[in-house]
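So the chains spell out like this:
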Amino acid sequence: TALQLCLRRADDFRNIVATRDLLVDAMLDLDCAPSLPVAAFGHFMVSVIDADDLYLEGHMGEVNAYVCLQLRLEDHAVPQVAFSSCTLRAPKPEWHEAFRFNAERIEPSACLVAWVIAAPGGTPEEILEGAERGLNEAELRQLKAEQMALGQP
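Notes on the structure follow. (Residues numbered from 1 in each chain as written. Predicted model: local features only at pLDDT ≥ 70, side-chain atom pairs only at ≥ 80, totals over all residues. Heavy atoms only, no water.)

### Re helix H4 (residues 137–149)
The terminal C-alpha atoms of H4, which comprises 13 residues, lie 18 Å apart, in line with the 18 Å expected from a rise of 1.5 Å per residue. Within the sequence span of H4, burial applies to Leu 140, Leu 143 and Gln 147. Each buried residue of H4 lies within a common arc of 60 degrees when the element is viewed along its axis, so the set occupies one face. In H4, the exposed residues that point more than 90 degrees away from the buried face are Arg 141, Met 148 and Ala 149. Among the structural elements, helix H3 (124–133) are those in contact with the buried residues of H4. (Helix = DSSP H or I, 4+ residues; strand = E, 2+ residues; numbered from the N terminus. Expected span 1.5 Å × (residues − 1). Buried < 20%, exposed > 50% of the residue type's maximum accessible area, 1.4 Å probe, protein only. Arc of directions from axis to C-beta. Contact = heavy atoms within 4.5 Å.)

Now the structure itself:
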């Protein structure tokens, strides 16, 4: 096969590896991972569509969810980060949002992580205040109780 001929070549190692990577690119069941980066001048597009059956203990059907995307295109690089909007009290949130990440090259170690995060709070104002201050649900409730005791809205 072409792959066997490629692996028998005696020329420059990088040429052999590059040719092998091209040949095994579409063969996902092979235990032969690509080893060289791919030039990718432009943008890497990611769409966040929806989520299903979200559950947060003690908040059945009342999840204020948003998505944090982290894309790392090169080994040991700082990931690029993007956030979706926050849905209010939705067990099956829908976003239909697209995100564009800049890309110069994609290494075989590249990865995309999508975190679905529950924001504390019952109203948009509480969610914003919790996010601005980095509060969890209990801390947000304590802050609201303190504000009410002081007569603050």
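### Let's talk about the sheet that holds strand S5 (residues 111–118)
Strands sit in the order S3-S2-S5 across an open sheet of three strands; the sheet is antiparallel. The open sheet has two edge strands, strand S3 (80–83) and S5, and neither has a second partner. Ignoring which end each strand starts from, the neighbouring axes of this sheet average 15 degrees apart. As paired elements, strand S2 (residues 65–72) and S3 share four bridges and run antiparallel to each other. Within the sheet, the bridge partner assigned to Cys 68 lies in S3 and is Phe 83. (Pairing = 2+ DSSP bridges. Axes fitted to C-alpha atoms, helices over the stretch in contact; angles between N-to-C directions.)

### Re the packing of H3 against H4
For the pair H3 and H4, interaxial distance at closest approach is 11 Å and the crossing angle is 110 degrees. One finds that H3 runs roughly perpendicular with respect to H4. Note that H3 runs across H4; the crossing there is right-handed. Within the contact between the two elements, H3 uses Glu 126, Glu 129, Gly 130 and Arg 133 and H4 uses Leu 140, Leu 143, Lys 144 and Gln 147. For the contact of H3 with H4, the class distribution of residues is two nonpolar, two polar and four charged. (Parallel < 35°, antiparallel > 145°, perpendicular 65-115°, else oblique. Left-handed = near helix turned anticlockwise from the far one by under 90°. Nonpolar A, V, L, I, M, F, W, Y, C, P; charged D, E, K, R; others polar.)

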